[in-house]
Protein chains: 2
Amino acid sequence: MRPFLVIKACQAVGGKVEDAVPAASAIELLHSFTLIHDDIMDNDLLRRGVPTVHTLWGVPMAILAGDLLFAESLHVLLSGNGYPERLRRSAEILTRSTIVLSEGQYMDMSFEFRADVSEEEYLDMVYRKTGALFQAAGEMGGIMGGGDERSVELLGTYGRNMGIGFQIFDDYLGMTSSENILGKSVGNDIREGKKTLIVIRAMQTPARDHLLDILGKRDAPDLEIASLLELMKEHGVLDYVFSKAKNYVDKARTAIAELPQSPTRATLLELADYAISREK
Amino acid sequence: MRPFLVIKACQAVGGKVEDAVPAASAIELLHSFTLIHDDIMDNDLLRRGVPTVHTLWGVPMAILAGDLLFAESLHVLLSGNGYPERLRRSAEILTRSTIVLSEGQYMDMSFEFRADVSEEEYLDMVYRKTGALFQAAGEMGGIMGGGDERSVELLGTYGRNMGIGFQIFDDYLGMTSSENILGKSVGNDIREGKKTLIVIRAMQTPARDHLLDILGKRDAPDLEIASLLELMKEHGVLDYVFSKAKNYVDKARTAIAELPQSPTRATLLELADYAISREK
């Protein structure tokens, strides 16, 4: 979705697809680098059902592969075809978002050892880990397409809010979708003890006791997860989380609505809806 | 030495110290990032006698600290004061050298499992692991100072050859200096089984058998190292390695001699001499 957003943001301000290619390539390479390193840090053995890089090649080679992708990401952008100043500004934004991303990963890692993560802290972490790079995608696309300051800002606001909504909806899906759509067990986040918004909200309802019984229990049976899900529905946890995701996507839509009408703007509005209606 | 080279290269083409600051800061941050990640990959517990980052904070936090420094490095450069096109070109060169550096680290890691590393392969590895970043330092300084293409090229040639000579001399020092100057035991590279130019050259002399007896033996006694050192001297290994280092430094001097005479040029000539005359 990130390179797609770069290209569409570029077109939304009147740029051509080829103007966006260096930035679109860079953001996908950068995203890949963060996935490889995050998988080492989180000690994840599988991603989307296939072995992670460090599982196959060992930690040293996976660190190096990530570093190389990071360097290639910036190099492909800085040596790309395009106005030099647009390339520089895009690369400045991309590195700035990587700093924010590192802070988000630090927060995420530190949450693992805490029982008292607040909704505010969670949303700040999601902004850093997901929103910042989507924001960069919107801004880079706008800059590469030659958009004015206001358009670039709107595209960044769109990206940031859409990204946050996307991530909250991802947590929601992990609890409400089905195993054959997700490619992993429903409720895996609960079994892994992740502090998602669902968990944080449920802790404030009578579902708390049942949740604490199984949070972080790798072998929690499906039946326990299913009964927790019922309790969560009953106490409005799922509705609350979905409305939060929708809230962010609405902000994204409002930002983009300020741009001149065009087929690209319509696509970006559709993309925002997709972020909270997709099945996986 | 790297930021110093950036500043001096900038001055050598008529630039001011402050013109070089974003690039000088960036190269030091980038160098620090590579040290942190290399220490994880090589599983080194100490660097210059103090515990490495991953020893103190664990592997996940050390990976993240390195990633953050890499991002900060590029960000400080791209958002620096200066002509945007000079900043872009410098960042392009810095990311290019990081790609080459990653390749060098891969070669270094793969050498550990090979007994037949050739002198040519070793020198290629040293170019990538050390020469490339010194080359970038020279080029970035020249660009930030507004030097013409030929001057930038000469400063890069200077940096590359000086860096390679510096690294070869470093290996030489590890065998010929003394423990209280080095801060580590003489011959540690031999004990760790490193394929330095000293080892590669000694393998082609009658010192080979004695070398093979202790190469990679962590507990090889000082007496064994001392007698190997005598054998190496006798068969001209140390003279050969020193003359190789000097050869590269001479190339560096030749490149810089083409620049107009100035106090800065004199400093760069001195720096080249220092690279192969320092005590540690």
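Residues numbered from 1 in each chain as written. Chains lettered and ligands numbered in written order. Predicted model: local features only at pLDDT ≥ 70, side-chain atom pairs only at ≥ 80, totals over all residues.

1. Here's the deal with the overall build of chain A
Convention followed: Per the convention used, a helix needs a DSSP run of H or I reaching at least four residues, while a strand needs a run of E reaching at least two, with both numbered from the N terminus. C-alpha atoms define the radius of gyration, and 2.2 Å times the number of residues to the power 0.38 defines the globule rule. Using C-beta atoms placed from the backbone, we call a residue buried if 20 or more other C-beta atoms fall within 10 Å of its own, exposed if 12 or fewer do, and partly exposed for counts in between. The contact criterion used is a C-beta to C-beta distance within 7 Å, with each C-beta placed from the backbone.
On a plain count of helices and strands, chain A comes out with 14 helices and two strands. For 280 residues, the compact-globule estimate of 2.2 N^0.38 gives 19 Å, and the C-alpha radius of gyration of chain A, at 19 Å, lies within 12% of that figure. Projecting the C-alpha coordinates of chain A onto the three principal axes gives extents of approximately 60 × 45 × 35 Å. Out of the 280 residues in chain A, the part that is buried amounts to 50%. Restricting to contacts in chain A with at least 6 residues of sequence separation, those with at least 24 account for 71%.

2. Section: the relation of the copies chain B and chain A
Condition: Overlaid copies result from least-squares superposition on C-alpha atoms, with residues included only where pLDDT is at least 70 in both.
With an RMSD of 0.0 Å, the operation that places chain B on chain A is a rotation of 180 degrees combined with a shift of 0.0 Å along the axis. Taken together, the rotation angle and the small translation identify this as a two-fold axis. Judged by C-alpha distance, Arg88(B) is the residue of chain B that lies nearest the rotation axis, at 2.6 Å.

3. Some details on the interface of chain B and chain A
What counts is decided by this rule: Gly falls in the polar group here, along with every residue not listed as nonpolar (Ala, Val, Leu, Ile, Met, Phe, Trp, Tyr, Cys, Pro) or charged (Asp, Glu, Lys, Arg).
Taken together, the contact pairs 29 residues of chain B with 29 residues of chain A. Put simply, the parts of the chain that give the side of chain B that touches chain A at least two residues each are helix H2 (17-41), helix H4 (59-78) and helix H5 (84-111) of chain B. Looking at which element gives the most residues to the side of chain B that touches chain A, the answer is H5(B), with 14 residues. Of the residues contributing to the side of chain B that touches chain A, the split by class is 16 nonpolar, seven polar and six charged.

4. Things to note about the packing of helix H1 (residues 2-12) of chain B against helix H6 (residues 119-144) of chain B
Residue and element names in this part refer to chain B. Keep this limit in mind: The angle between two axes is taken between their N-to-C directions and runs from 0 to 180 degrees, where each axis is a line fitted to C-alpha atoms and a helix contributes only its stretch in contact. Working rule for handedness: look at the near helix, and if it is turned counterclockwise from the far one by less than a right angle, call the crossing left-handed; if clockwise, right-handed.
With their axes 7 Å apart at the nearest point, H1 and H6 run at an angle of 35 degrees to one another. The two elements H1 and H6 meet at a crossing, and its hand is right-handed. Contact residues: Arg2, Leu5, Val6, Ile7, Lys8, Ala9 and Cys10 in H1; Leu133, Phe134, Ala137, Gly138, Met140, Gly141, Gly142 and Met144 in H6. Broken down by class, the residue content of the contact of H1 with H6 amounts to 10 nonpolar, three polar and two charged.

5. A look at helix H14 (residues 263-275) of chain A
Residues and elements named next belong to chain A. Using the following cut-off: Under the convention used throughout, the expected extent of a helix is 1.5 Å for every residue step, that is, one less than its residue count. Taking the helix axis as origin, the arc is that swept by the directions to the C-beta atoms.
For H14, which comprises 13 residues, the first-to-last C-alpha distance of 19 Å matches the rise-based estimate of 18 Å (1.5 Å per residue) to within 8%. Every buried residue belonging to H14 is among Thr264, Leu268, Ala272 and Ala275, and all of these are buried. Buried residues of H14 fall within an arc of 90 degrees about the axis and therefore sit on the same side. Of the exposed residues in H14, the ones pointing more than 90 degrees away from its buried face are Pro263, Ala266 and Glu270. As for H14, its buried residues are in contact with helix H1 (2-12), helix H7 (149-176) and helix H13 (237-257).

6. Re the packing of helix H2 (residues 17-41) of chain A against helix H4 (residues 59-78) of chain A
Between two packed helices, both the angle of their axes relative to each other and the distance between the axes serve to describe the pair. All names here are of chain A. To be explicit about the condition: Reported orientations rely on four angle classes, namely roughly parallel under 35 degrees, roughly antiparallel over 145, roughly perpendicular from 65 to 115, and oblique for the rest.
Running from amino to carboxyl end, H2 crosses H4 at an angle of 165 degrees, the nearest separation of the two axes being 8 Å. The orientation of H2 relative to H4 falls into the category roughly antiparallel. Seen from above, H2 lies across H4 with left-handed handedness. In this structure, H2 contributes Pro22, Ala23, Ser25, Ala26, Leu29, Leu30, Ser32, Phe33, Ile36, His37 and Ile40 to the contact, and H4 contributes Val59, Ala62, Ile63, Ala65, Gly66, Leu69, Phe70, Glu72, Ser73, Leu74, Val76 and Leu77. In the contact of H2 with H4, the residues fall into 17 nonpolar, five polar and one charged.

7. Focus on the confidence of the model for chain A
Our working rule: For every residue, the predictor assigns a confidence score, pLDDT, that lies between 0 and 100.
On average, residues of chain A carry a pLDDT of 94, and 100% of them reach 70 or more. Across the interface, the model reports ipTM at 0.93; the global pTM reads 0.94.

8. Digging into the environment of Trp57(B)
Residues and elements named next belong to chain B. Following the sequence through the fold, Trp57 ends up in helix H3 (residues 53-57). On the neighbour-count criterion, Trp57 (14 C-beta atoms within 10 Å) is partly exposed. As a C-alpha pair, Trp57 and Ile214 span 157 residues in sequence and 33 Å in three-dimensional space.

9. Details of the nonpolar core
Put simply, the rule reads: As used throughout, a nonpolar core is a set of buried Ala, Val, Leu, Ile, Met, Phe, Trp, Tyr and Cys residues joined through C-beta atoms within 7 Å of each other.
Formed by 164 residues in total, the largest nonpolar core has its most connected members in Val6(A), Ile27(A), Met140(A), Val6(B), Ile27(B) and Met140(B). Once residues lying within four places of it in the same chain are set aside, the contact partners of Ile27(A) are Arg2(A), Pro3(A), Val6(A), Leu94(A), Leu133(A), Ala136(A), Ala137(A) and Met140(A).

10. Observations regarding the environment of Ala255(A)
Residues and elements named next belong to chain A. Examined against the element boundaries, Ala255 turns out to sit in helix H13. Considered as a pair, Ala255 and Leu154 are 101 residues apart in the sequence and their alpha carbons are 5.4 Å apart. Residue contacts for Ala255: discarding those within four places in its chain leaves Leu154, Thr157, Tyr158 and Asn161.

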